[in-house]
Every structure is written in C-alpha cells, then in structure tokens.
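Observations on the model geometry
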Amino acid sequence: MEVKPEQIWENIEKIHGMSPVVHNITNYVVMNNTANALLALGASPVMAHAGEEVSDMVGIAGALVINIGTLSRPWVKSMGLAMKAAREKGVPIVFDPVGAGATPYRSRTARELVKTATPAIIRGNASEIMAMADGMTRTRGVDSLDSSHHALNVAKQLGLDLGAVICVSGEIDYIVDSARAFQVRNGHPMMPKVTGLGCTATALCGAFAAVEKDSFMAAVCAMAVMGITGEIAGEDCPGPGSFQVRFVDALYGLTERDMARIKVEGV
Amino acid sequence: MEVKPEQIWENIEKIHGMSPVVHNITNYVVMNNTANALLALGASPVMAHAGEEVSDMVGIAGALVINIGTLSRPWVKSMGLAMKAAREKGVPIVFDPVGAGATPYRSRTARELVKTATPAIIRGNASEIMAMADGMTRTRGVDSLDSSHHALNVAKQLGLDLGAVICVSGEIDYIVDSARAFQVRNGHPMMPKVTGLGCTATALCGAFAAVEKDSFMAAVCAMAVMGITGEIAGEDCPGPGSFQVRFVDALYGLTERDMARIKVEGV
Amino acid sequence: MEVKPEQIWENIEKIHGMSPVVHNITNYVVMNNTANALLALGASPVMAHAGEEVSDMVGIAGALVINIGTLSRPWVKSMGLAMKAAREKGVPIVFDPVGAGATPYRSRTARELVKTATPAIIRGNASEIMAMADGMTRTRGVDSLDSSHHALNVAKQLGLDLGAVICVSGEIDYIVDSARAFQVRNGHPMMPKVTGLGCTATALCGAFAAVEKDSFMAAVCAMAVMGITGEIAGEDCPGPGSFQVRFVDALYGLTERDMARIKVEGV
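Presented here is a report on the structure given in the accompanying data block. For clarity, every value in this text was computed on a predicted model and none was experimentally measured.

Let us look at the packing of aromatic side chains. The geometry of an aromatic ring pair is captured by the separation of the ring centres together with the interplanar angle, meaning the angle of the planes. With the rule as written, the count across this model stands at 15 aromatic pairs over all chains. Seen in terms of ring centroids, tyrosine 28 of chain B and tryptophan 75 of chain B are 5.2 Å apart; in terms of plane orientation they differ by 75°. Their pairing is edge-to-face. On the criterion of sequence distance, the pair formed by tyrosine 28 of chain B in the loop between strand S1 (21-25) and helix H2 (31-41) and tryptophan 75 of chain B in helix H4 (residues 73-89) is long-range, its members being 47 residues apart. When its relative accessible area of 5% is taken as the criterion, tyrosine 28 of chain B is described as buried. Cluster of aromatic residues (ring-pair linked, three or more members): Tyr28 and Trp75 of chain A, Tyr28 and Trp75 of chain B together with Tyr28 and Trp75 of chain C.

Contact residues are listed per partner, giving 26 residues for chain A and 22 residues for chain C. Around 2000 Å² of area is buried between chain A and chain C when both sides are counted, 60% of it from carbon and sulfur atoms. Counting the surface chain A buries against chain C, the share from its top three residues, Tyr28, Val29 and Lys193 of chain A, is 28%. Scanning the region where chain A abuts chain C turns up two salt bridges. Of the charged contacts, one joins arginine 73 of chain A and glutamate 52 of chain C as a salt bridge, the two residues approaching to 2.9 Å between their closest N and O atoms.

A full pass over the atoms with the stated rule returns zero disulfides over all chains. Of all cysteine sulfurs in the structure, the one in cysteine 205 of chain A sits closest to cysteine 199 of chain A, which takes part in no disulfide; the separation is 12 Å. Here cysteine 205 of chain C is not disulfide-linked; the sulfur of cysteine 167 of chain C is the nearest cysteine sulfur, at 5.4 Å.

The subject of this paragraph is the pairing of strand S1 (residues 21-25) of chain A. All names here are of chain A. Taken across its five residues, S1 has four buried, putting it largely inside the fold. Relative to strand S2 (residues 44-47), S1 runs parallel, the two being bridged by four bridges. Counterpart to valine 22 in the pairing with S2 is proline 45. Read from S1 through helix H2 (residues 31-41) to S2, the crossover connection turns out right-handed.

This part is about the environment of serine 242 of chain B. Inspection of the secondary structure puts serine 242 of chain B in helix H10 (residues 240-252). Between the alpha carbons of serine 242 of chain B and valine 194 of chain B there is a distance of 9.7 Å; along the sequence they are 48 residues apart. Contact partners of serine 242 of chain B, with chain neighbours within four places excluded, come to Val245 and Asp249 of chain A together with Cys237 of chain B.

Note on the copies: chain A fits chain C at an RMSD of 0.0 Å, the axial shift is 0.0 Å, and the rotation between them is 120°. Within this description, the copies of the chain are treated as partners about a three-fold rotation axis. No C-alpha of chain A approaches the rotation axis more nearly than that of tyrosine 28 of chain A, which lies at 3.7 Å. In this assembly, only 8% of the residues forming the interface of chain A have copies in chain C that are likewise at the interface, indicating a heterologous arrangement.

One copy of the chain maps onto the other through a rotation about an axis followed by a shift along the same axis. Rotating chain B by 120° about the axis while translating it 0.0 Å along that axis superimposes it on chain A, leaving an RMSD of 0.0 Å. An overlap of only 8% is found between the interface residues of chain B and their copies at the interface of chain A, pointing to separate contact surfaces.

Look at H10 of chain B: 18 Å from first C-alpha to last across 13 residues, which is about the 18 Å you get at 1.5 Å a residue. Burial of H10 of chain B is extensive: ten of the 13 residues sit out of reach of the surface. For H10 of chain B, every residue scored as buried is listed here: Pro240, Gly241, Ser242, Phe243, Val245, Phe247, Val248, Asp249, Ala250 and Leu251 of chain B. If you follow the buried residues of H10 of chain B, they end up packed against H2 and helix H10 (240-252) of chain A, H2, helix H8 (197-209) and helix H9 (215-234) of chain B together with helix H10 (240-252) of chain C.

Residue and element names in this part refer to chain A. A contiguous patch of negative charge, built from Glu6, Glu10, Glu13 and Glu256, is present on the exposed surface. Tracing the backbone shows glutamate 10 in helix H1 (residues 5-18). Among the residues examined, glutamate 10 registers a relative accessible area of 46% and is labelled partly exposed.

As a further point, take the sheet that holds strand S7 (residues 173-176) of chain A. All names here are of chain A. With respect to topology, nine strands assemble into an open sheet ordered S2-S1-S3-S4-S5-S6-S7-S8-S9, the strand pairing being mixed. Looking at strand neighbours, the two that pair on one side only are S2 and strand S9 (264-266), the edges of this open sheet. Neighbour-to-neighbour, the strand axes of this sheet turn through a mean angle of 20°, independent of strand direction. In terms of strand pairing, strand S5 (residues 121-125) meets strand S6 (residues 165-169) through five bridges, oriented parallel. If you follow arginine 123 over to S6, its bridge partner there is cysteine 167. Against the sheet, H2 contacts S1 and S2, and its axis sits at roughly 155° relative to S2.

To continue, consider the environment of lysine 14 of chain C. Residues and elements named next belong to chain C. Its location among the elements puts lysine 14 in helix H1 (residues 5-18). Judged by relative accessible area, lysine 14 falls into the partly exposed class, the value being 32%. Through-space distance from the C-alpha of lysine 14 to that of alanine 207 is 9.9 Å; in sequence the pair is 193 residues apart. In this structure lysine 14 touches Ser19 and Val211, once residues within four positions along its chain are discounted.

Cut-offs used in this document
Residues numbered from 1 in each chain as written. Chains lettered and ligands numbered in written order. Predicted model: local features only at pLDDT ≥ 70, side-chain atom pairs only at ≥ 80, totals over all residues. Heavy atoms only, no water. Phe/Tyr/Trp six-rings, centres within 6.5 Å; stacked < 30°, edge-to-face > 60°. Helix = DSSP H or I, 4+ residues; strand = E, 2+ residues; numbered from the N terminus. Buried < 20%, exposed > 50% of the residue type's maximum accessible area, 1.4 Å probe, protein only. Contact = heavy atoms within 4.5 Å. Buried area = accessible area lost by both parts, 1.4 Å probe. Salt bridge = Lys/Arg side-chain N within 4 Å of Asp/Glu carboxyl O. Disulfide = S-S within 2.5 Å. Pairing = 2+ DSSP bridges. Right-handed = clockwise from strand over helix to strand, strands pointing away. Least-squares fit on C-alpha atoms with pLDDT ≥ 70 in both. Expected span 1.5 Å × (residues − 1). Patch = residues over 30% accessible without salt bridge, like charges linked within 9 Å, V, L, I, M, F, W, Y side chains within 5 Å. Areas by Shrake-Rupley, 256 points an atom, 1.4 Å probe, with all protein chains shown as cover. Lys, Arg positive; Asp, Glu negative; His and termini not counted. Charge placed at Lys NZ, Arg CZ, Asp CG, Glu CD. Axes fitted to C-alpha atoms, helices over the stretch in contact; angles between N-to-C directions.

Rendered as structure tokens:
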C-alpha cells in the first residue's frame, strides 16, 4: 500500500462537496478552534452534549468525535449515549483519550467508553495510547513512556484487540491497524506550543472518516493534512499566537499542489 | 421609515459612553469571541449561568442575551430564570435559537423559552427561524427551507404572533416586526466560514438593545454594524483565521465614516 | 527589597526548564487563552474539573489556579476539593475572584473558597478585592470602589488577615503581603479591551508560584511579565483582536533583554 497526494486531495474535495456534519462532544478549551478548523476544511461542525439530543444529532452526522479533555460525569454519560447511537446508525466514531494516564478516572473512563462502542479511530499521544492499552492488551514493556517505538508496538496490539485504527501522534505520527502501519513525518515544531492541535487532528479524522470508508486511510489523510497545514502555517511564524491563526488560514487555503508535501510511508 | 448612517453611529456612541453590561448565557464555543466583540464595540460583557446568581446579574445588565448553542438541562433552567427576571426588571432579551430544527429537543426548548418571557429580538438563520415558527404560527408552506422569501413571510407572522422583532440572517439579513420589514445587504462571503459570527450578531443586538429603546432599530443597527465590520475585515483577508482576528480589530476601530457603507432598505 | 530584571528572567528560565504542570479550574471564556499563555511561557497547562479527578490532578501539579468566572455549584464543589488537596500536598493555590461584588452568590462563594484553603496569591481588580475583603477584614471605608489607594489599604489588611499575597491589578498593579508592598507600572492601554487578560495574569502567577517559593516574588514576576508582554504586543497594534494574538507571540518570544523594561518599586 502507498498513499499518493491525489488520494488525499480527492478526500478533501469530497469534504468540500459534501460538507459532512461532524458531531463533536469535546472539551471546553478547544471548541472554538475545532469548529473553525472543521469549517476551514469544508465540514459542518456541530457541538452538542445534552443527553436529550445526542442520539438525534448523531443521526444527522457523518462522524462522531468524542474527546474527554474536560470530562465530567454528565458529559461522559452523554458520550456513551452518543457512541451507542453512532454504532446503531453506522456512524464512524473517532475517540481522543486526552490526558489518559494523568488520573485513574481519566484512564478508566477512556477504557470504558471504547468498550461501549468501538471507535473507528483512536488518536492520542504516546502516553495516552499507552494508558489506553494498559489493562486492555497483552503488550507490556519496561520501555520509557516516551519511546515512540514501544508505543508503536502497543498501538498495534491495541488496534488488533479492539479492531480499531490507532493513531499515535508526535514528532512522527504513526497510524496502525491490524494489518497496516504507516508513519507521517509532516509537521512543524511550533505545533505542540498551541493548545488543542491534537484535538484538531482528532476532529479532522472525523471529517475524513465521514467521506472515506477506510478508516485507516481517513486517519492517514487527517494526519498528513495536519502536518502539511502546520508546515505552511509555520513559515516565518513569529509565535504560537500567530500560528493558531495561520493554521486556520492555511487549512482553508489548501490546494492540490500542497499535497505534494506528504511524507507518508509504511513502517 | 429610513435608516441613516448617523443614527447607527449615534447608537454606537451611546454604547461607548454608557458601556452597558450585556449579560450572556451563551454557548461554550463562542464565549471568548462574543466577549471580545462586545468589548470591542464598547459594551461590558458578563457571562454567568448559575441559577443562584442569574437574577441578580440581570439586575445590573442593560440587556440579556440567551443563546442555546450548547444547551443542557441546568443551563436551560438558568436561561428561564434569567428571562423571567429580565421581564420583571424590564431588561430587553435577545434570543438566539442556535440549531433549532436540528433536533426535537432543541426546537422544543427554543419554543418553550420564548414563551417564558417574550424576547425583544429573536435572531437566527432561515432554518432556525422556520423551526421556531413551526407549531407557533399559522404560516406554513411547501417552500424549501433555504428560501429566504418564505422565511421572511414566516418571520413576519412569528413576529406578529410573539410581539417580537425577528431577525433572519443570511447573505441578506431581514429584520421584521408587526409593522416594519427591512433588509441589510452588508457583509462578506467569508463570514459563514468563521464559527460563531451569528452568535456575535446576537450579542451585538444585545448591546444596541441596551441603549436603543426601539428594538427594531437596535436589530437593524446590529446587523448593519456586523455587515460593515465584516466588509472591512474581509479586505485582502487570507482566510477565516485572520478574519476572526481582523473582525475584532475592525469593530474596535469603527468610525462614523464607515457607517456610510450601510445598505439598508425597506422590503 | 528590590526586584531586578535578572531575578524575573531566572524564574522564567526555571519555568522553561521544569515545564511545571499548572492545574486550572477556570472559566469557559478564557480556557483557550489561558492554556496558550501558559504554553507560551513554557509551563504545562491542565484543565480538569471533575470531582472524581481533581485531587489526583493536583498531585501532579506545581500549582493550582482557581478562577470563579463562570462558577456553578458542581464546579465550586470541585474547586473546594482541589483546594483541600492542594493544601494537603503543599501545592500553592492562586485564586481569582472574578466578578466578586457583582452578585451575592459570587462574593459569598469567593470568601468561602479562600476559607477552605488559604491561597498563596489572590489576584483581582480593585472591586473584586474590595468585595473579597468585605466582611473578612476590619478595614472599611467610604472611598469610591475604584480608588486604587483605598483598595491598596484594604488589600494590605486582607493579606494580613488571610496570610496571603494580594495582587490588585489595574493601570498600576499592587502586590502586597503582611510585610511588603510593591507596584508594577508596566502594561498597555489596550489590555482591558481583551477579555481574560486578568485571568491570564492569574494563570501566570500559578506558573511562577510553581518555581518560586516566595509567593510575593512569584506574583511580582507574573505582573511584570504581563505588563512587559503587553507593552511589546501593543506596539503599532491595530486593535484588540490582533493584541490577543500578539500577546501570545510576545510571551513566547520574551528575552532576558526585555526584562529591562520592568517598572517595579516599593510603595
């Protein structure tokens, strides 16, 4: 398997053409950025978390994005309801276990939610994916938490056990499922200095999953687009405040030509 | 009736001079932008949603802005309390039925809230206003949901039935009440690509309603100022990220001269 | 006592080197800006408010920042739990009584929370600090609420009674404790036109308190850095939208040389 620039562009054009509704139950910190990034890519963001409406909202959505960044009991309950509804309606779920590993409540909640309904894609950093896997997979290790290589092995096992695509983002992003493993080496060093770009990556996975049936390919597209957009936004950028603004501009202005920047390969 | 540039400017100067407190119970996505837009126009934004304090907060406000974008049961309860307090204290209410029509819970809640206390102004896009009207007015139709002309007729009937000013925003904004109907043709095509500019419009209606007793005129001023500001922000604008920033700058820097841009006329 | 530019820079370098976790339970309006400001300064922001995890999260934090801007009963309960945990674990607390004085609920909650566990630093504007003091200190007065001089006296008494550093921000910032009183005269007139810069100041107090044991010095550093950054951001700035962006850029780009701008002296 190989990923070509034109395949990514084709999916972007599908998003432009279909404007899929992406239903987000996400954290307070990033809601504005997430909505703007989805709009800039051509999708239609919706934020709704009331138990009274999440099932109905999922029904009009092309993808459901769940992000536990500022979780609390009522929100977690709604996340579960939305995920069940998504499973029943065949709407792909993208899951972001923000901060899993930081507290027992966060790790436990993340694991319970993915048992409620298997996500098509789980995206997190190495620590979060390791925390998700802990107690869920047979893979253990003594490697340090920040070892990307170890995280990659854990992610493969987690993907196999859950039947999901796992995306481990970092300086190099890894996308794995039971059969495939790719890395994306696009991006810019200023990205970790802007809050919520990981959450944006998760939301873009949702937008691509809404138009691309192969969840693995959807995740690869999202991470490549994140990285390429970051590279464009980062050119002569004075700081993370401007980066946040330019990222949205760059995402809005992406052209087929920009896709040639992709650095995606099998691992 | 006619709206002159100097009338709009006079109301902006009143806002500058009085810095009216605008009490917002709004959605998580736009709170930052809403607060910054109100500050840029010269008003004093307050965000407070606790049942324990909303009545007291309404008491020091010049207007109450209710926006159901990320509604949930406790927030809806507080919205009701605040609206009742506003009615008792004679504080004008501006209501934004974000997403009405998308789910039954959202449509039902929007209708129930406006029955609690009649807003001075209801602002939404065509779909939202149609959803508000559905079951509340006698006007029905087979026209498509995006038919501005049909929405205008529905809005007129809704305004008559409720005794409120109805503002239907879109490429052309319509402001109607039982006796009058105006359209505002200012604006910029990038505005729908920035999340929450509709919510900003609603908040500006609140700022103008705090200084202008004629709610119809307040809504016209708000929509004209939105459109003019959008035109200024949109000049040579590289994308929606920059647009969001420039919009606040432009709102802050508005001059009497800019008011000459208005395209307001009766319909 | 005197504050030298190199002392401030030394603390900034400590933040860069240690990347302390700053645990924020703050308001919805400013979460994004707060997180970005902390990242730009080199700290690691965490936003978590669930009762199930706040004690655990405090355990990995270098400071706890409590901000009541959009308070509600469940959040106040979590604030109390987090503050108790912080006291037990010796984690410094920074407290921001946003809007104290505006409603009885807000004033009462602010006073109750600081009784739960004494903050290392309380930062607010003159009205908020006066509202905190009302009923807590013996100092009363007939001076107007905006009298900085009167607020300074009230702050001194409040600091003495609580055993906390009190920071009264405004055109001139005052930092006082039982023994010391300093003023910071850095800043830019556009700062009050951007929502949440006061909340950012509070969050930066948290970052400095995580690396500087003397809470008084931590607060002086934070207010000096806020003011200096504001001055840099404000140069030829077209409006508050750009100011918000440039502030983050400037905070990220601060150099030792910039510290020479400080205008700090005893009062």
